[in-house]
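One-letter residues, chain by chain:
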Amino acid sequence: MAEIFIRQLIDDLDGKPIDTGLGHEVTFSYQGADYRIDLRPGNADKIEAAFAPYIKVAEKIPSAGKARTQTPTATKKLGSDRSAEQLKEIREWAGKDGFDVGAKGRIKADVIDAFDAAH
């Protein structure tokens, strides 16, 4: 007997399905508590727009001393603190935008910064 398991992500804000490869896992901290939310691109844009003025004037605190919690394998963060899905999206964008980025290996910080600035 064969079985097929289908995993579908749902937007935590509006309950609508997230198209494969288009979802955004947004993580943030507020008042000492860490949060993670899965969002469709439109809702991810809204939260980024809402946070933007505060992030612009806030001081970034290094995460070296911060205790890390285990994340599920599907959303495990890599060295850049980005999920595998996010890194794939950055590579695709960088290739289309003229950056020299390989299919594997580390993505240079300036490429990631440019991606963040563009999005």
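Relevant structure appears above.
For clarity, every value in this text was computed on a predicted model and none was experimentally measured. The residue numbering used here restarts from 1 in each chain and proceeds along that chain's sequence as written. With the structure being a predicted model, the display of local features is reserved for residues of pLDDT at least 70 and the display and counting of side-chain atom pairs for 80 or more, all residues being used for whole-chain, interface and lining totals. Side-chain metrics rest on all non-hydrogen atoms present in the structure, leaving aside hydrogens and water.

Caption draft 1: Region of the structure containing the overall build of the protein. To qualify as a helix, a DSSP run of H or I must reach at least 4 residues; to qualify as a strand, a run of E must reach at least 2; elements of each kind are numbered from the N terminus. Looking only at helices and strands, the protein has 3 helices and 2 strands in total. Its helices and strands in sequence order give the protein the pattern β-β-α-α-α, from N to C terminus. Every one of the 119 residues in the protein was classed for burial, and the buried ones make up 20%. In this description, contact between two residues means that some pair of their heavy atoms is separated by no more than 4.5 Å. At a minimum sequence separation of 6, the contacts of the protein that also span at least 24 residues come to 31%. Burial classes follow relative accessibility: with a 1.4 Å probe on protein chains only, a residue under 20% of its type's maximum area counts as buried, one over 50% as exposed, and anything between as partly exposed.

Caption draft 2: Structural context of the nonpolar core. Joining through side-chain atoms within 4.5 Å is the link that ties buried Ala, Val, Leu, Ile, Met, Phe, Trp, Tyr and Cys residues into a set, and such a set is a nonpolar core. Within the largest apolar cluster, 9 residues are counted, these being L87, I90, W93, A94, V101, I107, V111, I112 and F115. Counting residues per element, the ones that place at least two in this core are helix 2 (84-96) and helix 3 (109-118). Broken down by element, this core gets its largest block of residues, 4 residues, from helix 2. I90 has contacts with R82, I107, V111, I112 and F115, leaving out every residue within four places of it along the chain. In this structure, V26, I37, A44 and I47 belong to the second largest nonpolar core, which totals 5 residues.

Caption draft 3: Looking closely at the packing of aromatic side chains. Planes of paired rings set the category: under 30 degrees apart is stacked, over 60 is edge-to-face and the rest tilted, where pairs are Phe, Tyr or Trp rings (Trp by its six-membered ring) whose centres lie within 6.5 Å. In the structure shown here, the tally under the stated rule is 4 aromatic pairs. An aromatic cluster of three or more residues is present, and its members are F28, Y35 and F51.

Caption draft 4: Local environment of the pattern of salt bridges. We define a salt bridge as a side-chain nitrogen of Lys or Arg found within 4 Å of a carboxyl oxygen belonging to Asp or Glu. Overall, the coordinates contain 3 salt bridges when judged by the stated rule. The shortest N-O distance in the salt bridge between D11 and R40 comes to 3.8 Å. In this pair, D11 sits in the segment before strand 1 (24-30) while R40 sits in the loop between strand 2 (33-39) and helix 1 (41-57), placing the two residues 29 residues apart along the sequence. Residue class for D11 comes out buried when judged on its relative accessible area of 1%. The partly exposed category is assigned to R40, whose relative accessible area is 24%. Salt-bridge contacts for R40 lead to D14; the nearest nitrogen and oxygen are separated by 2.5 Å. Here D14 lies in the segment before strand 1 and R40 lies in the loop between strand 2 and helix 1, a separation of 26 residues in the sequence. Each of D11, D14 and R40 takes part in salt bridges that share partners, so that together they form one network.

Caption draft 5: Up close: helix 3. Burial in helix 3 covers these residues: V111, I112 and F115. Buried residues along helix 3 cover an arc of 100° about the axis, so they all sit on one side. Packed against the buried residues of helix 3 are helix 2. Working note: the arc is built from the helix axis to C-beta atom directions.

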